[in-house]
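# Examination of the molecular architecture
In case you want the letters, here they are:
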Amino acid sequence: MIERERIIEALKEVRHPAMQDRDIVDLGLVADIECGEDKVVVTLGFPKRRDPLTEYLVGATRASLVRHLPSSVSTEVKAVVKENNSEKPKKKGLDLGTEQLENVRHIVGIASGKGGVGKSTVAVNLACALARLGYRVGLADADVYGPSVPLMTRTEGACPAAEERPEGGELIIPIEKYGVKWMSVGYFAQKGQALIWRGPMACNALKQMILQVKWGELDFLLIDMPPGTGDIHISLLQDIPMEGAVIVTTPQDVALADVEKGANMFRNESINRPIFGLVENMAWFTPEEHPDEKYYIFGKGGGERMASELGIDVLGQIPLVQSIRESGDAGEPAALSTRPDALAFIELARKLAEKLG
């Protein structure tokens with residue numbers, strides 16, 4: 001039988017980002033531990049209402065147990081709400097409806113058929129470019145297995161606050177920087193922590209990251225979607241009133257082949273969302289010393305051909321320049337500068353804004 005002390009030590013590694021980084025044992029959130037020969041069940045109990053970070057804490061708890069226990073031991077983590085009968089009953093939790101999105105004019109998904117095409121780079125810079133044009137902008141990082149927004153905006157270590165609602169439940173307050181409201185699952189995970197979440201758990205966590213956030217009045221809410229097509233994408237498109245999507249690709253054939261799959265997902269009759277256009281990232285390489293030269297190292301015109309085949313517009317062509325990579329690594333998006341690469345993102349933002357009226 002697995003020793004209870006061993007389990008508690010594993011649970012002490014799970015910290016609550018909104019509670020001065022205290023661990024769940026210290027906070028009294030561990031309601032029950034069941035130890036068996038080949039199974040461990042941990043129940044987390046939340047007072048009065050479900051914590052806005054419930055799904056994150058459940059996932060982080062299971063991840064810690066998996067790291068510390070033998071692979072032969074199965075793990076289960078449950079979450080319950082502990083009611084205080086001496087108090088008047090209150091509305092439990094927060095219904096994950098779309099009321100926090102009622103003052104958002106346009107919700108746009110930033111998608112890609114495959115990883116590695118610079119989708120998050122485009123999403124972050126597009127958000128900053130829209131803000132530079134005077135729009136009120138938010139970005140939700142829905143790439144649950146590879147959240148990169150905290151690094152690319154130098155907001156790593158930021159801890160979103162929670163605000164209690166009079167009718168019960170709490171709202172998460174997004175991080176604000178560069179004139180953009182940012183929200184990412186990366187704010188609730190320790191550095192280097194792998195989120196071992198199955199599809200339903202990931203979907204629920206992402207819905208919290210979007211629907212349980214106090215966005216306020218926005219002109220644009222961009223959703224940086226995970227690459228590919230799968231259950232997370234379908235869940236987002238069914239539960240979030242996304243107006244449509246922008247697809248990011250590179251000019252090479254292997255990336256373009258997946259663009260068609262992504263486009264077909266949005267055009268599926270059960271989803272039926274418009275595609276506002278294609279962004280061809282890494283369209284050409286320009287050396288910093290020779291800004292007028294273009295080298296088409298990934299091929300030329302592939303994005304334009306694919307857009308023509310799909311009957312959509314090319315919203316922008318982003319060059320491959322060293323400054324975009326350096327800016328992303330430094331947490332200062334390239335779109336904030338006055339260089340030619342920044343102007344490419346400004347033009348992309350302008351075209352998208354014009355298309356959406």
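Just so it is clear, the structure is predicted and the values come from calculations on it, not from any experiment. (Residues numbered from 1 in each chain as written. Predicted model: local features only at pLDDT ≥ 70, side-chain atom pairs only at ≥ 80, totals over all residues. Heavy atoms only, no water.)

Our focus in this paragraph is the pairing of strand 13 (residues 314-320). Sheet topology note: the strand 12 (residues 275-285)/strand 13 ladder contains five bridges and is parallel. Its bridge partner lying in strand 13, Val279 is registered against Gly316. Since strand 12 and strand 13 lie parallel, the crossover through helix 8 (residues 302-310) that links them has a hand, and here it is right-handed. (Pairing = 2+ DSSP bridges. Helix = DSSP H or I, 4+ residues; strand = E, 2+ residues; numbered from the N terminus. Right-handed = clockwise from strand over helix to strand, strands pointing away.)

Next up on the list: the nonpolar core. Counting residues in each nonpolar core, the largest one holds 103 residues, and the members touching the most others are Leu101, Trp182, Trp215, Ile223 and Phe345. Of the residues forming this core, the biggest block, nine residues, is contributed by helix 3 (residues 119-132). Among residues more than four places away in sequence, those in contact with Leu101 are Ile107, Ile210, Leu211, Trp215, Leu221, Ile240 and Pro241. (Core = buried A, V, L, I, M, F, W, Y, C linked by side-chain atoms within 4.5 Å. Buried < 20%, exposed > 50% of the residue type's maximum accessible area, 1.4 Å probe, protein only. Contact = heavy atoms within 4.5 Å.)

In the structure shown here, the tally under the stated rule is 15 salt bridges. One salt bridge in this structure joins Lys207 and Asp239, with 3.4 Å as the shortest N-O distance. Here the residue Lys207 occupies a position in helix 5 (residues 199-211), and Asp239 occupies one in helix 6 (residues 231-239), the gap between them amounting to 32 residues. (Salt bridge = Lys/Arg side-chain N within 4 Å of Asp/Glu carboxyl O.)

Let's shift gears to the sheet that holds strand 8 (residues 175-177). Pairing is mixed across the open sheet formed by eight strands, whose spatial order is 8-9-5-10-4-11-12-13. Looking along the sheet, the strands with just one partner apiece sit at the ends: strand 8 and strand 13. This sheet shows a mean twist of 25° between the axes of neighbouring strands, independent of strand direction. Pairing between strand 5 (residues 137-141) and strand 9 (residues 180-184): five bridges, direction parallel. Note on strand 9: the bridge partner recorded for Asp141 is Ser184. Strands in contact with helix 7 (residues 253-267) are strand 4 (104-111), strand 11 (244-249) and strand 12; relative to strand 11, the strand with the most contacts, it is inclined by about 170°. Seen against the sheet, helix 10 (residues 340-355) touches strand 10 (218-224), strand 11, strand 12 and strand 13 and runs at an angle of roughly 170° to strand 13. (Axes fitted to C-alpha atoms, helices over the stretch in contact; angles between N-to-C directions.)

This paragraph deals with the side chain of Thr155. Mapping Thr155 onto the fold places it in the loop between helix 4 (149-152) and strand 6 (162-164). Once you skip the residues sitting within four places of it in the chain, Thr155 turns out to touch Val149, Pro150, Ile175, Lys177 and Tyr187.

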